[in-house]
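Fold and contact review
The primary structure of each chain is shown beneath.
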Amino acid sequence: MRSAERLALLEVERVVALSLQDLGAHSALDVGCGTGLFTEAFINKGVDATGIDVNAEMLAIARRQVPAAQFREAPAEKLPFNAEAFDLVFLGHLLHETDDPLADLKEARRVAKGRVVVLEWPYRQQEQGPPLAHRLRPEAIEDLAHRAGFNKAERIQLKHVDLYRLGP
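These remarks concern the structure in this document. (Residues numbered from 1 in each chain as written. Predicted model: local features only at pLDDT ≥ 70, side-chain atom pairs only at ≥ 80, totals over all residues. Heavy atoms only, no water.)

**Concerning the pairing of strand β7 (residues 162–167)**
For β7, a buried count of six out of six residues is recorded, marking the element as mostly surrounded by other parts of the structure. Side chains Asp162, Tyr164 and Leu166 project from β7 onto one buried face, and the interleaved Leu163, Arg165 and Gly167 project onto a second face that is buried too. Where strand β6 (residues 152–157) and β7 come together, six bridges link them in antiparallel fashion. Bridged to Arg155 within β7 is Tyr164. Once β6 ends, the chain turns through four residues before running back antiparallel as β7. (Buried < 20%, exposed > 50% of the residue type's maximum accessible area, 1.4 Å probe, protein only. Helix = DSSP H or I, 4+ residues; strand = E, 2+ residues; numbered from the N terminus. Pairing = 2+ DSSP bridges.)

**A word on unusual backbone geometry**
A positive phi is found at Glu84, a non-glycine position, where the angle reads about 55°. For Glu84, the position within the fold is in the loop between β3 (70–73) and β4 (86–92). Unusually for a residue other than glycine, His93 sits at a positive phi of about 55°. Among the secondary structure elements, His93 is positioned in the loop between β4 and α5 (101–111).

**Observations concerning the pairing of strand β1 (residues 27–31)**
Each regular strand shows side chains that alternate between the opposite faces of the sheet. By the criterion of burial, β1 is predominantly enclosed, with five of the five residues buried. Side chains Ser27, Leu29 and Val31 project from β1 onto one buried face, and the interleaved Ala28 and Asp30 project onto a second face that is buried too. In this sheet, strand β2 (residues 48–53) lies alongside β1 in parallel orientation, the contact comprising five bridges. Paired with Ala28 across the two strands is Ala49, which belongs to β2.

This is the structure we're talking about:
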């Protein structure tokens, strides 16, 4: 999960920089954090980061890898935080995996003061990532964002991933 090849594919530093750009964020929530890869990258940028995931085994790894972060076990559609608790909410490769991406985006919007960022595999056949049938079309992500109450949905295409910055 933290191989040099995977890190290069995910463009972690660039993704984090684009997520934080022009935001002045002090806090971030990494939803579906897995081993804490992006949680750690936010902390390295001076942001107080919290990670959540439903997989207890992944959270155990994340806690070992990123002791400076807080981690909690929780589903994306029922975040255990108050409204507007985080400056930034980050969903990395989560929407294509979830049963209810609209509920996840609504919850992310509820706990975000500012921006919600969605990182997904592009809708094209690639060696990396899930098969095309499991990927989301950009139009579907933008439609979900608008249905979740976001007025702004900016798509930024990177080499191997697509990043969506969602805002009020």
